[in-house]
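Breakdown of the fold
One letter stands for each residue in the lines below.
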Amino acid sequence: MLKRLGEKLLRLYCHPDFQEDILGDLEEYFRVNSSEKGEAYAERKFLVDAVMLFRFSLLRENWLSQKLIQTTMVKNNFKMAYRSMMRQKFYSFLNLTGLAIGMAACIFIAIFVKEELSFDKHFEDSDKIFRIAGNLKFGDNVFNLGFVPDPMAKTVKEEFPEVENAARTRGDATILVSYNNNYFRQSNITWADQEFFSIFSIPLLRGDRNHLLDEPNTVVITESTAKKIFGSEDPLNKVIRFNDELDIKVTGVIQDIPDNTHFKYNMFVTMLNRADARQNMWLSNNFTTYVKLNAKESKATVDGRFPDFLMKHFAEQVNQMMGIKLEDAVASGALAATYFLQPIEDIYLYSNLDFELRSGGSIENVYIFSIIGFFILLIACINFMNMATARASVRAKEVGIRKVLGSLKSQLINQFLMESILSSFIAAIVAVIMVTLLLPSFNTLTDKQIVNPIFSMTGLWPYLLISTIIIGALAGIYPAFVLSSFSPSKVLKGEVTQGKKAGWMRNILVVIQFSTSIFLIIGSAFIYSQLDYLQHKELGFNKDQILVVNETQLLGNQLQAFKTELERNPLVESVSVSGFIPATNTYNDSPFLAENATSADEGVSLQIWYVDQDYAKTYDLKLADGRFFSKEFASDSTSMVLNETAIRRFGYTENPIGRRVKSLSGNNSYTIVGVIKDFHFRSMTEEIQPQVFFLGNSPDNLSVKFKADMTNEVLATTKASWDSFSGGKPFEYDFLDQIFADSFKNQIRVKTIFSVFAVLAISIACLGLFGLAAYVTEQRKKEIGIRKVLGASMATLLTLLFRSFTFLILISAVLAIPLAWWYMDGWLSDFPFRVDMNPLIFIGSALGTLFIALLTVGYQSMTAARRNPIENLRNE
Amino acid sequence: MKKFQLGEFEEIVLLTVGVLFGEAYGVSIKEDIEKRLNRKVSVGALQSALRRMEKKGFLVSEFGEATSERGGKRKRYFKITALGKKALEYNIQTRMDLWKQIPDVAFEFKIC
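On a predicted model such as this, the values are computed, not experimentally measured, just so you know.

Conventions adopted
Residues numbered from 1 in each chain as written. Chains lettered and ligands numbered in written order. Predicted model: local features only at pLDDT ≥ 70, side-chain atom pairs only at ≥ 80, totals over all residues. Heavy atoms only, no water. Helix = DSSP H or I, 4+ residues; strand = E, 2+ residues; numbered from the N terminus. Buried < 20%, exposed > 50% of the residue type's maximum accessible area, 1.4 Å probe, protein only. Areas by Shrake-Rupley, 256 points an atom, 1.4 Å probe, with all protein chains shown as cover. Lys, Arg positive; Asp, Glu negative; His and termini not counted. Charge placed at Lys NZ, Arg CZ, Asp CG, Glu CD. Pairing = 2+ DSSP bridges. Axes fitted to C-alpha atoms, helices over the stretch in contact; angles between N-to-C directions. Contact = heavy atoms within 4.5 Å. Core = buried A, V, L, I, M, F, W, Y, C linked by side-chain atoms within 4.5 Å. Salt bridge = Lys/Arg side-chain N within 4 Å of Asp/Glu carboxyl O.

Time to look at the overall build of chain A. For chain A, the helix and strand inventory stands at 27 helices and 22 strands. Taking the principal axes of the C-alpha coordinates as reference, chain A spans close to 105 × 75 × 60 Å. Taking all 876 residues of chain A together, the buried fraction comes to 51%. For chain A, the accessible area works out to roughly 40400 Å², and carbon and sulfur atoms hold 57% of it. Placing the 87 positive and 91 negative side-chain charges of chain A at their respective mean positions leaves the two points 13 Å apart.

This is the structure in C-alpha cells:
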C-alpha cells in the first residue's frame, strides 16, 4: 500500500527518463530491507525514499511551471475554501475543533492498541516461545496456573523432541541489596535458569551469554539496576550482598527489559541458589516454565503429549503422598490436571490465570477501545457532514453562480471535496499537536512509556496521512453531492429547500452520535459506582493509621526488642510482627483435611498466614467464635484460627472450637481455637478464600497501629528506634491505606479512560448538534416568523423546535440502553462483590444527555424564537 | 575554474563510479560508499548528484539488463567521461597544492 503510494508519487514528478532505473533501485532496496528488517519497515522506507527523491535535478522538465498553470483552478479552490472558512469563523472553529478532538482521541487509541498488541513480540522467534500452564482440579479446589512443577522443564526437554530448550523462573521478590555498604531496596528479583537467556533474546551488554547463571551465587542485572548500584563502575564480576548474608557475583548486564513484556524483572539470580528447584516434586506447581519449540506448529503435538506424560511422571508421587492411585483419582474426577502451552505473545492480552505475573492487559479492552475510537471518529465525521449541509444555504448562491458561469458538477464536487480534505488536514495538524502535548498525561494514565509515537520510523504517520485523506473524503463526499446538485435557477431565486431524504439521513447520523454518547455515559457511570462501592465496602479490617515497616527480618534477634520499644510509645496502640499484610496479594496456600476425612481429594486449600499474638488486635479483626492466639496458652503452637469460609468448607458450622484439622499427609494435626470473621485479605476484586492463621515466625514486616493524627510523630519515633537497632540499614515503610489505594490502580485507570472518552463523545456530539440546530432553525426561519406573526407564544415555538431533537435522543436512548445493559452486565460479572444493575443509572444517563442536548439546541432556538418576525420574513 | 567545480559528495560519488568500473549503478554505488566511508547515503542525494554530474558531462549512462528482483526494471550503469576525469584531476591537484603550501610550523602541536 505504502509502496504503491510511493511509486505513484515518484511517477508523478520524476523525469520519465529516470523513472525506470530509480524505481528499479528502490525495488532492490525494498527486497533487501524486507528480508532483513521486515516488510512493514521496507514499505515505509520505500515511501520515505520516494518522497526524499523530490529533488530539483530529478524533476520532470518544466514540471513546476506546468503544474502552476494546471493548479490555477486548484488555487482558486483553496482560496474559496479559505474564504468560506473565514466568513463563518465560528462554525469553522466548531467544525475543526470537533474533528481535531476526534482525531486526537483516535490517535491515542491507536497508540494504545498498537502498544498492547506489541507485547512480547520483540524477542527473536517470539512465535516459537511458549509458557507451560496448567488447569488443576483437586477436590473442590480449582487452580489455573502459569506455574508447573520443578522437574517439568528438564523432563520435557529430554522427552519431547519438539522442545528445543526449556527454562524456568521463580519468584518476584524484593530484597535488600548492598554494595560497599550502600543499601538498595531492590524489587523485581527473580530466580532463573541459565537457559532463560538462550530462549529470550534480551540483548547482553556485558558478560558471556553461555555462562551467565551456570554457577551458584551468580546474578544477571539490568542496565538501569547496574547504574543504580554501581554508578559508573564496571559491574562485571563485582560482588553484591543480599540481605546482609549472601554474597553474589554479577556475571552479566542485560539491556532493560522493554516495557511491553509480560514479565518485569531487574535481577536474575541463578536457579542453582534455590534448593526447591531440584527437589523433583511433581505435586507442587511453583515454576514459571518457558519452552522454545522447533516450530510454532508443534504446539498441538506437545499439548497432545501431556496426558501420557502426566500418567508417567505423576503417578508414583500421587500414590506416595496421597495414598491413592492416579488412574482412580482421575477416573473418579477427584483429581484432574491438564497442562498445555501458551504462546508468550498471547500471555499479556489473553491469559487470565490465577496469580498472573503482570495483569492489566486484556483483549476485551483492546476491542472496546478500538470500537470507542471508531465511534468517536464517526461522531466527529458526522458533525462535519451535518455542518456542511447546514451551511448549504450560505453556499447555495455561490454554487448557482458557478453553474451559470459554466462550472461542471464534477468541478463543484472536486471543490467541496478539496475543502473538506483541507479541513481534515488542518484538524490532523491540530490533533498531532494535542497528542504531543498530552502524551505525558497519557503515559501516566496508561502506565506506559511511549515516546514519539507518530513521527518515528515505526510510528503511525503513514496511517495518519492516509486516514486524514480518507476522513476528509468521506466526510466531504455527502455534502459535496448535496451542494453540487442544486439547480441554479432555483437557488438564484432563493428557494433552497432540501428534500425529505437528506433530513432522514441527518436524523440517522444524529441517532448514531447520541447512542454512542449515551452508551459511554452509562458505562462510565457504572464503572464509577462499582469502584466507589469497592473502595468503601466494609473490609473487615482496619486499614487506617497502620504503618508497615518493611525488611524487619534484617534486625534478626533484635526484632522483639524493637517491637517492645515501640509498644512502650504512648502514641502506639498495638504492634504486630508478620510478613502477611492484608491487601498485598500474598499467596501461600496448601491443602488441609477435616479430621474425619479419609481421602486426599477432600482437601480444602487454605491460605496460610503466620502471625503473632497481637495480629488481630493491630488489624482490628473481629472474632466470630473462640479466641485469638495468646501468650497465656503454651499449646498455641499447634492451634489454628480459621476464617468463616474455611469453617464452612470443612463443614464445621456447629461448634467449631476444639475440633481438629490435619495436614494432607496426616502427620500433623491442629486444634481450632478461634474463628475470625471473613475479611478481604486480598484484592477486593476477588472472592474471600478459606484462610488459616498459625502462630509463627514471619519476620518480614512489622505493623504499627497508632493513634489518629499522630502520623508524623509516629513515623519519626519509629524511625529513631529503628536506627538505634538496625545499625545503618535503611528504614523502609508503607502506610496500609496507601497500599490499599494502590491495589485499585487498574480499575481506576479503566474508569478514567472511560470517563474521558464519554466526555469527549458527548462534547463532540453536542458541537454537532449545535450546528444542526443552526441548520434547522435556519430552514424554519420563515415558518417561525409566520407563526409568531399569527400569535404563537415563545413556549409554543420552543416546544416546536425541541420536539424533533427530543424524539431523536429518545430513540438513541432506546438503542443504547439494551447494549449498555448487556455490556455492563458482562463487565460486572467479573467482580464477586458488585453493585446492582440500577435502572436509575440508565434513565439518569439518558435524561442527562437529553438535558445537555436541549441546552445546546436551546441557544439557537431561543434566538430564533425571540427574533423580530420582520427579520425572518424579509427576503432581499 | 568554475567548470570543474565538484562538491564533496559529488567527488566521492564520481570516484566511486570510477572504482566500480562497469558495475556502477544506483544500488552498488550506494552500498560501496556506505561500506568504504562508513556513512549513510540517502537515495535522493545520490540520484540527484548522479544526474547533476551527467548533465555537466562528467558521467555518461546507459541502460543495462532487466532482472526479476528489480521488478523487471533495467539498471542504469554510469561511466566517467574524459571531462569527468579532468574534473577529478583538477580537484585532487588543487587540494595537493593547498596541502603543500601549509607551513610546517602549523603542524607543531604542543601542549603549552
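By the secondary structure assignment, L5 of chain A is in helix α1 (residues 2–13). As for L5 of chain A and A105 of chain A, which are separated by 100 residues in sequence, their C-alpha atoms are 26 Å apart.

It is worth spelling out the sheet that holds strand β12 (residues 546–549) of chain A at this point. Residues and elements named next belong to chain A. Taken together, four strands build an open sheet; the order of strands is β13-β21-β12-β22 and the sheet is antiparallel. The sheet terminates laterally at β13 (572–577) and β22 (733–735), the two strands that pair on one side only. Averaged over all pairs of adjacent strands, the angle between strand axes in this sheet comes to 20 degrees, irrespective of strand direction. The pairing of β12 with strand β21 (residues 702–706) spans four bridges and is classified as antiparallel. Bridged to V548 within β21 is S703. Helix α18 (residues 559–568) rests against β13 and β21 of the sheet, and its axis sits at about 165 degrees to β13.

Residue and element names in this part refer to chain A. Counting residues in hydrophobic clusters, the biggest one holds 117 residues, and the most contacted among them are I107, I372, Y619, L621, F628, F693 and F757. At 16 residues, the largest contribution of residues to this core is made by helix α23 (residues 745–779). The residues contacting F757, other than those within four sequence positions of it, are A105, I109, F369, I372, I376 and L520. Judged by nonpolar contacts, the second largest core, of 31 residues, contains F143, L145, F147 and Y339.

Let us look at the side chain of K73 of chain B. Relative to the elements of secondary structure, K73 of chain B occurs in the loop between β1 (59–66) and β2 (74–80). No salt bridge is formed by the buried K73 of chain B, whose closest oppositely charged neighbour, E7 of chain A, lies at an N-O distance of 4.1 Å. With sequence-adjacent residues up to four places away left out, K73 of chain B is seen in contact with E7, R11, E20, L23, G24 and E27 of chain A together with E65, A66 and T67 of chain B.

Attention shifts here to the pairing of strand β15 (residues 604–611) of chain A. All names here are of chain A. Across the eight residues that make up β15, a large majority, seven, are buried. Bridge count between β15 and strand β20 (residues 691–695): five bridges; the pairing is parallel. Its bridge partner lying in β20, Y610 is registered against F694.

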